[in-house]
Structure formats: C-alpha cells, structure tokens
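Chain and residue survey
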Amino acid sequence: ADLLALAREEPVAASSHPLMNALVRASTLARLDEPDLAARALDGLGGGLSPEVQSFPLALVTMADVAIRLGLQSLAAELLEPVAALPAAGWRAMSWGAVAYVWDGPLPALVGGLLATLERWGEAAPHLDGAVAEADAAGARPAAAEARRQLGLVLARRGGREDRARAARLLEEAAAEAAALAMPHLARRAEEARRAIGPAPAVWPATAPAVPDLRLAREGEVWSLSCGGRTVRLRHSRALEILDRLLRHPGREFPALELGAAGGELLDRGDAGEALDSRARAAYRRRLSELEEELREAEQFCDAGRTGRLRAEQEFLRQELSRGLGLGGRPRRAPGAPERARVNVQKRLRGVIRRIGAALPEVGSHLERSIRTGAVVSYRPRA
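The numbering scheme is per chain: residues are counted from 1 as the chain's sequence reads. Owing to the predicted nature of the model, reporting of local features is limited to residues with pLDDT of at least 70; listing and counting of side-chain atom pairs is limited to 80 or more, with chain, interface and lining totals taken over all residues. Neither water nor hydrogens contribute to the side-chain values; these are computed over all heavy atoms in the structure.

1. Notes on the overall build of the protein
Only DSSP runs of H or I covering at least 4 residues are called helices, and only runs of E covering at least 2 are called strands; the numbering of each starts at the N terminus. Check the secondary structure of the protein and you find 17 helices and 8 strands. In the protein, which comprises 383 residues, the share counted as buried stands at 44%. Working definition of accessibility: Shrake-Rupley area with a 1.4 Å probe, residue cover restricted to the visible protein chains. Surface summary for the protein: the accessible area is close to 19700 Å², and the carbon and sulfur share equals 53%. Exposure classes here rest on a 1.4 Å probe applied to the protein chains alone. A residue is buried below 20% of its type maximum, exposed above 50%, and partly exposed in between.

Written out as structure tokens, the structure is:
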C-alpha cells in the first residue's frame, strides 16, 4: 500500500534521471495492477521509442517490462529488435537496476515476453523456457515464478498436444511460489490463469505420445522436415546442418567447438584478446571525467534534457568499462573459442527450433526438451 501510494505521487524520487523516474513509476504501477495509471505515466514520455531510450539499456529493458505488462503491441514491436540485440551476459548479474543495486533478471524473459505480446507463441516459448532455466540457476525465485507464469500462458495459447498439461503445471508452480514469497499480485495472476485453462492431469495418460519420427533431408538450398505426415521446408542454414548431425546420432555428445566449425574448417582455439584495449580504456576514462564537468554545468543551468543525455552516456561508458575489466581492475579477456562456439551453437539451434515450432508446434516442443546445449551438445529423444 505504501509503495502504491508513492507510485501515484508525481514526481517519484526513485532516480535523479527524469526518464527513469517515469519508467520506474510506470513499471511499479503495472506490477501493482494499476494499468491505467501506468499507461498515463508512460504517455508522459511522449510515446514510442525515443533515441534517449535506445541509447540507455536500463531504460530500454524497463520500457520493455512495461510494454509486456500492459500488452502494448505497437510498442512491443518497436522494442523487440533493440532488446534482443542487448548482450545477454550483461543482464545475468548484478547491475545498478531501476531503483537500487539489483538483479534485472534474464534477458530471454523480456524477449519472450515481447514476442508473446505480439502473439508469436511458437517463438516466445523457447525464450521463456530459457528464462526459467536462468532464473532457477541464479536462485532468483521471484524472476523464476514470473517466467513460469508467462511461459504457462504462452503454452496454453500455442495449443500443442502436450502444451495444456505443461501450462497448468507451470501456472500451479508459479502461483505456489509467489504465495510463498508473499507476492500476492503475481500469485493472483498465476492462479487466475491456471483456473482459466483447468487443472493439470494427476498423472500422464497411459497413451502418452511416443517419440516423434523426424525426417530431415536437404534438397539443394532447402531442407524438409517431416513428422506425422506433415512437412515444413526451411532455407538452408548452418543451424540445420548442426540439427541434422544431432538427429542422425541420437545420444551422442558433440563438442560445441566441433559443431561450430564448418566442414573442413580449422578450429581456432585462441581467445580474441582483451575485451577493451588500453587506448579504449583510457579514452573512456577521459570522457567520463569530461562528463562530470559537463553534468555539473547542465545541472547548474537546470538543463534537464542535456542532463538526461549526459547521464545516459555516462551509464553506457561505465558499463563498457565494467565489461572490459575483471577483478582488481585487470583487463578482461574476450571469450575464448570454446565459449564463442557454445554461444553461437546455442543461438543457432534456438533460432531454428523457433522456426520449426512456428510451423510444427509439437516438433518444436519435442526438440526443446530433447536437445541439450553447452560445452557439449546432444540430442536425447524424449516423448
């Protein structure tokens, strides 16, 4: 009640940044089930995706959160590409956050939420599955409960053969976890969604579907994937070559480094050097020093617009420096070849599974459950 009363006031002292004041207020009101007030707070920014928001990652993810919670399809469409382009690693750890020093949650939750807002259920599900896994691994129970709620809603709308039962279980888990964490708004939303689709079966039916018979074949620059009398055709890509290799060798573990190399290509096992070289670090520090002086001048003349732009640039430079430095201020090395291969193979497989799932939801769901990615990659068929 105290937080809601504070959010209703104007202005909110959550941040010295005017843009973040409005976004934090809109996000808080949306979370507390005050959609009309949240929409008005967002309207105060002029609507749409401004250059200032695009240049400020924290503002970008906060606006995406509001768009998802309010179901704003036009704004979600604008936000999807820039949010998906954010470096995922930057949102898996602690950050300054909107109102304190907090964990902002897994980036796939935002990408999946934006896709769900656009009713692209087949594409949203793999992202939200990934968000649940990341939040669970981080021990972030509130974020995991919210991701389960979103994934349950997406699966219920996607409507695959196994989706309804899994959606009911996810929503039950989300409601129970939210209640345990004293998050009544989230618990109520999850419980209402669960009641809308009905209870989950007590046990799996005795006639549970068998592992699907998948047939993947290349026809020139097109691949055909057939299952149960239905076929989808996809343009050739490296991801499909990797998927074909996995399907032909179920249970076998392949190093991601091997899968990430094209046929006959020599494997580069080195790293890419320092994430930021000494000249870049020095230039960033010089510019940060200049920004301090410029900020004092802008604040002295009460120039809110210039102050906002300077703070956005300051935040960006600090994040870049943090990305380039490790413990004790030592230069951080850019990811080595094995890590780059792991990320690239995972991204390729997730992308092709999304494309398959959009046409054949049951096959997409099966591949999501059966393909394991990481330093080693495998296909272990699961019904």
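Read on, since the account is not over.
2. Describing the sheet that holds strand β5 (residues 230-235)
Two orientations exist for strands paired in a sheet by backbone hydrogen bonds: parallel and antiparallel. A pair of strands is labelled paired if DSSP reports no fewer than 2 bridges between them. With antiparallel pairing, the 3 strands of this open sheet are ordered in space as β3-β4-β5. Each having just a single partner strand, β3 (215-219) and β5 make up the two edges of the open sheet. Across the sheet, the mean angle from the axis of one strand to that of its neighbour is 20 degrees, orientation sign disregarded. Pairing analysis gives 5 bridges linking β3 to strand β4 (residues 222-227), with the strands arranged antiparallel. Following the sheet pairing, Arg218 is matched in β4 by Trp223. Contacts are residue-level and defined by heavy atoms, with any inter-residue pair within 4.5 Å sufficient. A fitted line through C-alpha atoms represents every axis, and for helices the fit uses only the stretch in contact; the resulting angles, taken between N-to-C directions, go from 0 to 180 degrees. With respect to the sheet, helix α12 (residues 238-248) is in contact with β3, β4 and β5, its orientation differing from that of β3 by roughly 140 degrees.

3. Side note on helix α2 (residues 18-31)
Expected span of a helix, by definition, is 1.5 Å for each gap between consecutive residues, and there is one gap fewer than residues. The end-to-end C-alpha distance of α2 is 20 Å, a good match for the 20 Å that 14 residues give at a rise of 1.5 Å each. Taken across its 14 residues, α2 has 12 buried, putting it largely inside the fold. Asp33 sits one or two positions beyond α2 and adopts a positive phi of about 60 degrees.

4. Details of the pairing of β5
Here 6 bridges tie β4 to β5, and the two strands are oriented antiparallel to one another. For Val222, the partnering residue across the bridge sits in β5 and is Arg235. Remark: 2 residues form the turn of the hairpin made by β4 and β5, two consecutive strands paired antiparallel; Gly228 in that turn has positive phi of roughly 60 degrees.

5. Thoughts on the confidence of the model for the protein
Each residue carries a pLDDT value, the predictor's own confidence for that position, ranging from 0 to 100. Of the residues in the protein, 78% reach a pLDDT of 70 or more, and the chain-wide mean stands at 79. Note on residues 201-209: pLDDT under 50 across the span, and 8 contacts to partners over four residues away in sequence or across chains. Low pLDDT, under 50, characterises residues 263-270; the stretch is placed with 11 contacts to residues that sit more than four places away or in other chains.

6. Details of the side chain of Ser370
Here Ser370 lies in helix α17 (residues 361-370). Not counting residues up to four positions away in its chain, the partners in contact with Ser370 are Ser378, Tyr379, Arg380, Pro381 and Arg382.

7. Overview of the pattern of salt bridges
Any Lys or Arg side-chain nitrogen found within 4 Å of a carboxyl oxygen on Asp or Glu counts as a salt bridge. Here the structure, examined in full by the defined rule, presents 29 salt bridges. With a closest N to O distance of 2.8 Å, Arg148 and Asp136 form a salt bridge. Here Arg148 is found in helix α9 (residues 141-158), whereas its partner Asp136 is found in helix α8 (residues 121-138), with 12 residues between them in sequence. With a relative accessible area of 39%, Asp136 lands in the partly exposed category. Several salt bridges converge on common partners, so that one network encompasses Arg287, Glu290, Glu294, Glu297, Arg306 and Glu313.

8. As for the sheet that holds strand β6 (residues 254-255)
In spatial order, the strands read β6-β8-β7; together these 3 strands make up an open sheet with antiparallel pairing. Here the strands that pair on one side only, and so sit at the sheet edges, are β6 and β7 (371-372). Sheet topology places β6 next to strand β8 (residues 376-379); 2 bridges connect them, and they run antiparallel. From the neighbouring strand, Phe254 faces β8, where its bridge partner is Val377. Most of the contacts of α12 go to β8, to which it runs at about 60 degrees, and overall it touches β6, β7 and β8.

9. Overview of unusual backbone geometry
Its identity is not glycine, yet Glu119 carries a phi of approximately 60 degrees, on the positive side. Within the secondary structure, Glu119 sits in the loop between α7 (107-117) and α8. The phi dihedral of Cys302 is positive, around 55 degrees, even though this residue is not glycine.

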